[in-house]
Amino acid sequence: MDKIKVVLSFPPSRVEDPIIFHLITDCGLMVNILRASIDPGKVGRMVVELTGDGDQLSRGADYLEANGVEIEPLTEEIQHDEERCVSCTACVPACPTGALHVDRETWVVFHEPDRCVVCLSCVDVCPYRAVTANFQ
Amino acid sequence: MKRTISEINEKIRSGSVVVFTAEEIIDVVRQKGVRKAAREVDVVTTGTFSPMCSSGAFMNIRQEKEKMKLGGGWATLNGVPAYAGLAAADIYIGATAIPENDPRNTNGRPGRFRYGGAHVIEELAQGKKVLLRAGGYGTDCYPKKRREQMIGLEDMNEAFLFNPRNCYQNYNVAVNLSEKPIYTYMGKLKPGLGNANYCSAGQLSPLLNDPMYRTIGIGTRIFLSGAEGYVVWNGTQHNPDSPRLENGTPCAAAGTLALVGNLKKMDPRWLRAVSFTGYGVSLSMAVGLPIPILDEEMMKFVSVTDADLKAPVVDYSVFYPTGEGKPRLGEVTYAQLKSGAIEVNGKSVPTGCFSSYAKAREVAGCLKSLIRDGGFYLTQAVSPLPGPALKKEGVAWTK
């Protein structure tokens, strides 16, 4: 079984269709919705964790593409600007998954995209505006 | 063992000065003891990098051919209002100033405060030009009434930071006991003790290493955001009579410094605008203070560790804004704060900081290199800062 986190973008014409339902029943994927922003008539966006075997995942990807849903890797959703960041650690207690964490020897703050669930908690708390999100 | 500042400067000149940072000296003292370390080490450098709201810049704007009186008129830089109640060409831009049309905390939403005086100062330090808009009433000697032009540091005769309150000696640890999130100058505080925010470099912090202001005073030369700076006065709200521990360090907000430095020579790496959601704009400054080891007592002071320094835990939902309720929920050491969690009312609360320890280390390291390489000489303070009232009962530092 593989597990991947992706961002799905739904064209306005498809936001009212039960696409996730088909992803589960037809493709056999386990879908864990981490974050969603769906409004009628607008591009809908959803952060999901998909679990399944290789065959199920590729069927899911084909189904989404055939229905005009774009799939992007999650890593591009939260940007941690290492130049702008001063490693103050204000974001560390705000991050629920430990994706933003500090090395307590060097006191440098790191962002690990694999652990990020795009909850956006960090965006508001960074006074240096060193963490930004594409997903709003 | 006694040592004078002129002896230290002589050693800087000859290249034989021995310097450690306030973090490195901890191990030196652990290994050698205070007496031997005091004999061998001349200077200990401190550092901090943190938002310091009471900061701003005086600027003298070069006149055009037809002259204009800004004094008594008005001026904005990139839309941010500057103070124009000075002479014809002098203005002051404060770090926290924001444009008239900034939405602030309206519509029930915490503002983002994306741009303010600190951003103007940071952009100028980066060599960028900003839009000056100014108006005056016109006089016989200053006939021009409106001015609108892009200006940079090169268009100013002088540009220097004058910060009335920097370098707090210690500070509160902020928590939220209420049931809703609050937005403060100590950041976003999650409800029900969701997080605890603090703001100090602890064992590297300038005034925690000279707790009684024995060497720091008016005229002390410092490292200020990459340039040479000076302590010019005690800072506003300087409170030397805060409660102190046996080691002389205050266990609450205490001393502060008023600082001056040449903006034209500052490094934008050390001068950074910050936006606190729901609170406002501020400016992060880098301050490095050299501490001359005049005797064993000074060595004892600088060898203080995070485990020896304490800060009060304060509720920012009720006590801080209204003065009602319990003033302190407890005291914690910086070692506990830096472990990532503290215990408040029996609950483990994750900690975050606004003062960058990584940058504080860099500042103290920069100042150490400058002194060792003969690029920075120490000064004798011309007048001391107001100190704590002496002879308080049960306090070991009294003499």
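Only a predicted model underlies this, so the values are computations on that prediction, with no experimental measurement involved.

Another aspect to go through is the interface of chain B and chain A. Chain B puts 22 residues into the contact, and the matching count from chain A is 16 residues. Those elements giving two or more residues to the side of chain B that touches chain A turn out to be strand S3 (48-51), strand S13 (187-189), strand S19 (271-276), strand S25 (347-353) and helix H8 (357-372) of chain B. Residue composition of the side of chain B that touches chain A, grouped by class: 9 nonpolar, 10 polar and 3 charged.

Size of an interface, as often reported, equals the accessible area lost when the parts are brought together. Residues and elements named next belong to chain B. Annotation of chain B at the domain level lists domain 1 (5-52 + 167-380) and domain 2 (56-161). In this structure, domain 1 and domain 2 have C-alpha centres spaced 31 Å apart. Secondary structure elements with two or more residues in the side of domain 1 that touches domain 2: strand S18 (257-262), S19 and strand S20 (280-288). Counting residues per element, the side of domain 1 that touches domain 2 draws most heavily on S19, which supplies 6 residues. For the side of domain 1 that touches domain 2, the per-class residue count stands at 11 nonpolar, 7 polar and 2 charged.

As a further point, take unusual backbone geometry. Excluding glycine, residues mostly have negative phi values, and the peptide bonds linking residues are mostly trans. Residues and elements named next belong to chain B. The phi torsion at Asn78 lies on the positive side, around 50°, for a residue other than glycine. Assignment of secondary structure puts Asn78 in the loop between strand S5 (74-77) and strand S6 (80-82). Overall, the presence of 20 C-beta atoms within 10 Å leaves Asn78 in the buried class. Look at Ser225: it is not a glycine, yet its phi comes out positive at around 50°. Relative to the helices and strands, Ser225 resides in the loop between strand S16 (221-224) and strand S17 (227-234).

Here we take up the confidence of the model for chain A. Chain-level statistics for chain A give a pLDDT mean of 91 and a share of 99% at 70 or above. Mean pLDDT across the secondary structure elements of chain A bottoms out at strand S4 (residues 70-73) of chain A, with 89, and peaks at strand S6 (residues 100-102) of chain A, with 97.

Residues and elements named next belong to chain B. When the terminal C-alpha atoms of helix H2 (residues 24-40) are compared, their 14 Å separation across 17 residues is substantially less than the 24 Å that a helix rising 1.5 Å per residue should span. Of the residues making up H2, those classed as buried are Ile25, Val29, Ala37 and Ala38. In this structure, the buried side of H2 is in contact with strand S1 (19-21), strand S2 (43-45) and helix H5 (296-302).

Residue and element names in this part refer to chain A. Each assigned domain of chain A is listed with its residue range as follows: domain 1 (2-75) and domain 2 (78-133). Each of domain 1 and domain 2 has a C-alpha centre, and these two points are 27 Å apart. Taken together, the 5 residues of domain 1 in the interface contact 5 residues of domain 2. Of the residues contributing to the side of domain 1 that touches domain 2, the split by class is 3 nonpolar, 1 polar and 1 charged.

Below, the discussion takes up the sheet that holds S4 of chain A. Residue and element names in this part refer to chain A. Read across the open sheet, the 4 strands follow the order S2-S3-S1-S4; overall the sheet is antiparallel. The open sheet has two edge strands, strand S2 (30-37) and S4, and neither has a second partner. Each neighbouring strand pair of the sheet contributes to a mean axis angle of 30°, computed without reference to strand direction. With respect to the sheet, helix H2 (residues 54-66) is in contact with strand S1 (2-10), strand S3 (44-52) and S4, its orientation differing from that of S3 by roughly 160°.

Another point: the nonpolar core. Cys91 of chain A together with Ile93, Ile121 and Val173 of chain B are the most contacted members of the largest nonpolar core, which has 147 residues in total. Excluding residues within four positions of it along the chain, Ile93 of chain B makes contact with Gly56, Ala57, Met59, Leu77, Val80, Ala82, Gly117, Val120 and Ile121 of chain B.

On to the pairing of strand S4 (residues 56-61) of chain B, then. All names here are of chain B. Pairing of S4 with strand S7 (residues 90-94), which is carried by 5 bridges, proceeds in the antiparallel orientation. Following the sheet pairing, Met59 is matched in S7 by Ile91. In the sheet, S4 pairs with strand S10 (residues 156-166) via 5 bridges, with the strands oriented antiparallel. Paired with Asn60 across the strands is Glu158, a residue of S10.

With that out of the way, let us pick up H8 of chain B. Residues and elements named next belong to chain B. If you check H8, its first and last C-alpha atoms are 22 Å apart, about what 16 residues at 1.5 Å a residue would give, namely 22 Å. Considered for burial, the residues of H8 that qualify are Tyr357, Lys359, Ala360, Arg361, Val363, Ala364, Cys366, Leu367, Lys368 and Ile371. Gly374 occupies a position one or two residues after H8 and carries a positive phi of about 75°.

Procedures and definitions
Residues numbered from 1 in each chain as written. Chains lettered and ligands numbered in written order. Predicted model: local features only at pLDDT ≥ 70, side-chain atom pairs only at ≥ 80, totals over all residues. Contact = placed C-beta atoms within 7 Å. Helix = DSSP H or I, 4+ residues; strand = E, 2+ residues; numbered from the N terminus. Nonpolar A, V, L, I, M, F, W, Y, C, P; charged D, E, K, R; others polar. Domains from an automatic or database assignment. Buried ≥ 20, exposed ≤ 12 C-beta atoms within 10 Å, placed from the backbone. pLDDT = per-residue confidence, 0-100. Expected span 1.5 Å × (residues − 1). Pairing = 2+ DSSP bridges. Axes fitted to C-alpha atoms, helices over the stretch in contact; angles between N-to-C directions. Core = buried A, V, L, I, M, F, W, Y, C linked by C-beta atoms within 7 Å.

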